Amino acid sequence: MKKTINVGVIGLGMRGRGMIDVALNIKNVKITMVCDSFAERVEEVQKELEEKTGFRPAGATHYRDVIASGDVDCIMIFSSWDTHVDIAVEAMKAGKYVGMEVGGAYDLEDCWRLVRTHEETGTQLMMLENCCYGERELALLKMARLGKFGRIVHCRASYEHDLRYEMVAGERRSHYRLKNLRHRCGELYPTHGLGPMCNILHINRGNRMVSLTAMSSRAEGIKAWVAENEPADSPLQGIEMSTGDVTTTMIKCAGGETILLTHEITLPRPYSRGNRIDGSGGVYMEDGNCIYLWEEHKEEYCKELKEFFPAGEGTWKDFDEYKEKYAHPIWKLYKEAGIKTGHGGMDYLELLAFFHAVENNEAPPIDVYDAASWMAITCLSEQSIAMGSAPVTIPDFTRGQWLNDRTMIKNPFALDEVYEDEVYENMFD
C-alpha cells in the first residue's frame, strides 16, 4: 500500500477481532474507528489496539457513527448476518468503500438493494470470502484455466464443520447462529464452498446460476449434544431445530453445469469444504485429497481395454503434488514473503485484495453482483424447501451483463483468470 487507508470496523466479535489482527500486518492500513453494540467490546479493542500500535481508535456503539466519520475511508462489516445489508447500503450511500463478511440473505430484496445502491452511487462493495484465496482453491482455479479437468460438468462444495459446542456456548454469549438454525430451514452458510466453485465456472463472467432445488434432513445433532453435555435443567434441553443436520442444494447453471452444495454443522465430523470437480479431463476430491487426470491414465486405461480386462478406473493420486506443481503465482510469492496470518494465509490475501481495490478505487475481485448471487442461495433454498423441494429461479443480478466478460480485473488478486508472472511482481512490496 502506498497511501494510508483509514478503516472503520463494525462488529467486534471473534471474527471482527481476528480480522483486525490480520489487517495490522498490512502496510499503511490504519484502524481509525471500531464499533460494536456491546460497549465493553469497543473498550477492549480500543485498548488492545493502543497497546499494539500506539494509536487509540475512536469507538462507537452504533454503526451510523462510523459511516459518518470523516476519519474513515472504508468500512469492514463483521456484525451479525441480519445486519450486513443495512450497514452496507448506508455505507455505500455515504461513499464508503465496503468490505462485507459472508452470510446468506434473508430475502431477495436485500440482494437487489445491494446491487441498486452500487449502481446508483458507483460505490464498490467486496464480499470478504476468504476461501476464494485458499492455496488449494487457487491451485484448482489455475488447473481449470489450463484445461486439466477438460470441460467441467459438475462441482460440489460444502460447509461441513462440527459446530455443536460453538453454537451451544454461543447461545450464552449472544451469538446468532443457533437462532438461525432454530427458526430457518435452508442452506444458511453457502459461500465458503460456493464462492471458489463459482470462480472456476465463470459465474457472472460468461456463465450464471439459473435455478436450484433444496432439501433438508431431520435434525438430531444439537439435541443429542445438549442432552449429553448440558445440565439437566438447561433451557436448551429438548431443543428443536428447523434446519436439518444435512441440507443439500442442487444448482443448475446456464452453461449446463451443476453445483451440489451441502451444509452440515450439527453432526460429529472433521472439517471439510467438500470441494469436488468433475470434468471430461478428470476428477478432483477434497475428501481424500485426491485427483485423477485422464491425460495421465488414458494409456493404462486403453491398454486394459485391448486386453479385454474390465475397464480399469486407474489409481487416485495425492493432490499435494499437484498443489505444488500448479501453485497459483500469488501463493508462490506469498510463501516466499512468509506466511502472515489468518486461516493459513487466506485471510491476509483476502484483505490485501480488498485494500488494493480501495487504494485504487477499482472494482474488487468479489463484487456486489457476486455477493448478491451467492447470498441469494440462502433465501432461495428456504423457499424451495418450504415448497417441497420445488425448483426455484435464481435472478440474474447482472441483468444480462454476465454474457460480456463483465469484470476481467487484470491485477494480482483477480479470481477469474490466472495471468502471466509479471502481473504478480512486487505485489508484497
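Novice: Looking at this structure, I do not really get the overall build of the protein. What am I missing?
Specialist: Along its length, the protein carries 15 helices and 15 strands. For 429 residues, the compact-globule formula gives about 22 Å, and the C-alpha radius of gyration of the protein, at 22 Å, lands near that figure. Each principal axis of the C-alpha atoms in the protein carries an extent, and together these give about 75 × 60 × 40 Å. Here the protein, with 429 residues, has 56% of them falling under the buried criterion. Long-range contacts, defined here as pairs at least 24 residues apart, represent 75% of the contacts in the protein between residues at least 6 apart. When the accessible surface of the protein is summed, it comes to about 18100 Å², and 49% of that surface belongs to carbon and sulfur atoms. Once the 48 positive and 67 negative side-chain charges of the protein are each reduced to a mean point, those two points are 1 Å apart.

Novice: Just checking my understanding: could you explain the sheet that holds strand β1 (residues 5-10) for this structure?
Specialist: The strands making up a sheet associate through backbone hydrogen bonding, with each pair oriented either parallel or antiparallel. In spatial order, the strands read β3-β2-β1-β4-β5-β6; together these six strands make up an open sheet with parallel pairing. This sheet does not close on itself; its edge strands, each paired only once, are β3 (58-60) and β6 (125-128). The mean inter-strand angle of the sheet, taken between neighbouring strand axes irrespective of direction, is 25°. In this structure, strand β4 (residues 74-77) lies alongside strand β5 (residues 97-101), joined through four bridges in parallel fashion. Paired with Met 76 across the two strands is Gly 99, which belongs to β5.

Novice: Honestly, the pattern of salt bridges in this entry has me stumped. Any pointers?
Specialist: Pairing between side chains of opposite charge can happen when the charged atoms of each approach one another. All chains considered together, the criterion is met by 34 salt bridges. Between Glu 160 and Arg 269 there is a salt bridge whose closest N-O contact spans 3.7 Å. With Glu 160 in strand β7 (residues 152-160) and Arg 269 in the loop between β10 (258-264) and β11 (276-279), this residue pair connects regions lying 109 residues apart in the sequence. Judged by its relative accessible area of 9%, Glu 160 falls in the buried class. Measuring nitrogen to oxygen at the nearest pair gives 3.4 Å for the salt bridge that ties Lys 335 to Glu 324. With Lys 335 in helix α13 (residues 329-337) and Glu 324 in helix α12 (residues 319-325), this residue pair connects regions lying 11 residues apart in the sequence. On the accessibility criterion, Glu 324 (48% relative accessible area) is partly exposed. Several salt bridges converge on common partners, so that one network encompasses Arg 15, Glu 101, Asp 347 and Glu 350.

Novice: Would you mind showing me how to read the packing of aromatic side chains here?
Specialist: Describing an aromatic ring pair means giving the distance of the ring centres and the angle of the ring planes. Counted according to the given criterion, the structure contains 11 aromatic pairs. Their ring planes at 70° and their centres at 5.3 Å tell us that Trp 81 and Tyr 176 sit as a pair that is edge-to-face. Of this pair, Trp 81 sits in the loop between β4 and α4 (84-93) while Tyr 176 sits in the loop between α7 (164-171) and α8 (177-183); the two residues are 95 residues apart in sequence, bridging distant segments of the chain. In this arrangement the basic side chain of Arg 184 is found over the ring face of Tyr 106, its NZ or CZ atom lying 3.9 Å from the centre.

Novice: Could you clarify how one ought to interpret helix α1 (residues 14-23) in this entry?
Specialist: For an α-helix, the turn length of 3.6 residues means that residues three or four places apart are oriented alike. Of the positions making up α1, those classed as buried are Gly 16, Met 19, Ile 20, Val 22 and Ala 23. For α1, the angular spread of the buried residues around the axis is 160°, confining them to a single face. Turning to α1, the residues buried within the fold contact β1, β2 (29-35), α2 (39-53) and α14 (346-360).

Reading the values: the criteria
- Residues numbered from 1 in each chain as written.
- Predicted model: local features only at pLDDT ≥ 70, side-chain atom pairs only at ≥ 80, totals over all residues.
- Heavy atoms only, no water.
- Helix = DSSP H or I, 4+ residues; strand = E, 2+ residues; numbered from the N terminus.
- Rg over C-alpha atoms; globule rule 2.2 N^0.38 Å.
- Buried < 20%, exposed > 50% of the residue type's maximum accessible area, 1.4 Å probe, protein only.
- Contact = heavy atoms within 4.5 Å.
- Areas by Shrake-Rupley, 256 points an atom, 1.4 Å probe, with all protein chains shown as cover.
- Lys, Arg positive; Asp, Glu negative; His and termini not counted.
- Charge placed at Lys NZ, Arg CZ, Asp CG, Glu CD.
- Pairing = 2+ DSSP bridges.
- Axes fitted to C-alpha atoms, helices over the stretch in contact; angles between N-to-C directions.
- Salt bridge = Lys/Arg side-chain N within 4 Å of Asp/Glu carboxyl O.
- Phe/Tyr/Trp six-rings, centres within 6.5 Å; stacked < 30°, edge-to-face > 60°.
- Lys NZ or Arg CZ within 6 Å of the ring centre and 35° of its normal.
- Arc of directions from axis to C-beta.

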